[in-house]
Amino acid sequence: MPEVHEHRLKRLQMRSMRRGIKEMDLILSAYAEARLPQMDDAGLTLYDQMLNENDHDLYLWVSGQDEAPAEYTALVTDIRGQLADARG
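Residues numbered from 1 in each chain as written. Predicted model: local features only at pLDDT ≥ 70, side-chain atom pairs only at ≥ 80, totals over all residues. Heavy atoms only, no water.

Some details on the packing of helix 2 (residues 22-35) against helix 4 (residues 55-62)
For any two helices packed against each other, the geometry is given by the interaxial angle and the distance between the axes. Between helix 2 and helix 4, the least distance of the axes is 10 Å, while the angle of their chain directions is 60 degrees. By the criterion of interaxial angle, the relationship of helix 2 to helix 4 is oblique. Helix-helix and strand crossings are classified by hand; for helix 2 and helix 4 the assignment is left-handed. On helix 4, the residues touching E23, M24, I27 and L28 of helix 2 are D55, L58, Y59 and V62. By residue class, the composition of the contact of helix 2 with helix 4 is 6 nonpolar, no polar and 2 charged. (Axes fitted to C-alpha atoms, helices over the stretch in contact; angles between N-to-C directions. Helix = DSSP H or I, 4+ residues; strand = E, 2+ residues; numbered from the N terminus. Parallel < 35°, antiparallel > 145°, perpendicular 65-115°, else oblique. Left-handed = near helix turned anticlockwise from the far one by under 90°. Contact = heavy atoms within 4.5 Å. Nonpolar A, V, L, I, M, F, W, Y, C, P; charged D, E, K, R; others polar.)

So, helix 1 (residues 5-17)
In this model helix 1 runs 19 Å from its N-terminal to its C-terminal C-alpha over 13 residues, within 8% of the 18 Å that 1.5 Å per residue would give. Regarding helix 1, the residues found buried are R8, L9, L12 and S16. One face of helix 1 carries all of its buried residues, which in axial projection span an arc of 100 degrees. Relative to its buried face, helix 1 has exposed residues pointing more than 90 degrees away, namely H7 and K10. In this structure, the buried residues of helix 1 make contact with helix 2 and helix 3 (41-50). (Expected span 1.5 Å × (residues − 1). Buried < 20%, exposed > 50% of the residue type's maximum accessible area, 1.4 Å probe, protein only. Arc of directions from axis to C-beta.)

A look at the nonpolar core
When a protein is soluble and globular, its nonpolar side chains tend to lie buried together. L28, L36, Y47, M50 and I79 are the most contacted members of the largest nonpolar core, which has 23 residues in total. Secondary-structure elements contributing two or more residues to this core are helix 1, helix 2, helix 3, helix 4 and helix 5 (73-87). Ignoring any residue separated from it by four or fewer positions in sequence, one finds I79 in contact with I27, L28, Y31, M50 and V62. (Core = buried A, V, L, I, M, F, W, Y, C linked by side-chain atoms within 4.5 Å.)

Here is the structure:
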């Protein structure tokens with residue numbers, strides 16, 4: 001049985017807030033709140049897959065210290081953009 005869209009959003013938002021390092025908690029929870037409601041199923045699936053990656057790797061990608069894998073490049077770029085917008 002497919003996951004109800006609203007439940008999927010809540011699950012992904014919770015996974016975004018409960019990361020291994022505080023920096024990623026803050027970055028991903030803000031991103032999830034701002035962007036997930038507008039994402040289509042393919043975008044949510046990709047985000048869900050990315051959340052399975054190691055937090056330290058995610059932090060390096062989002063902070064620009066390392067290059068994200070090709071499948072996540074656009075998503076990581078969007079996270080960086082949302083982070084920059086939030087900083088003003």
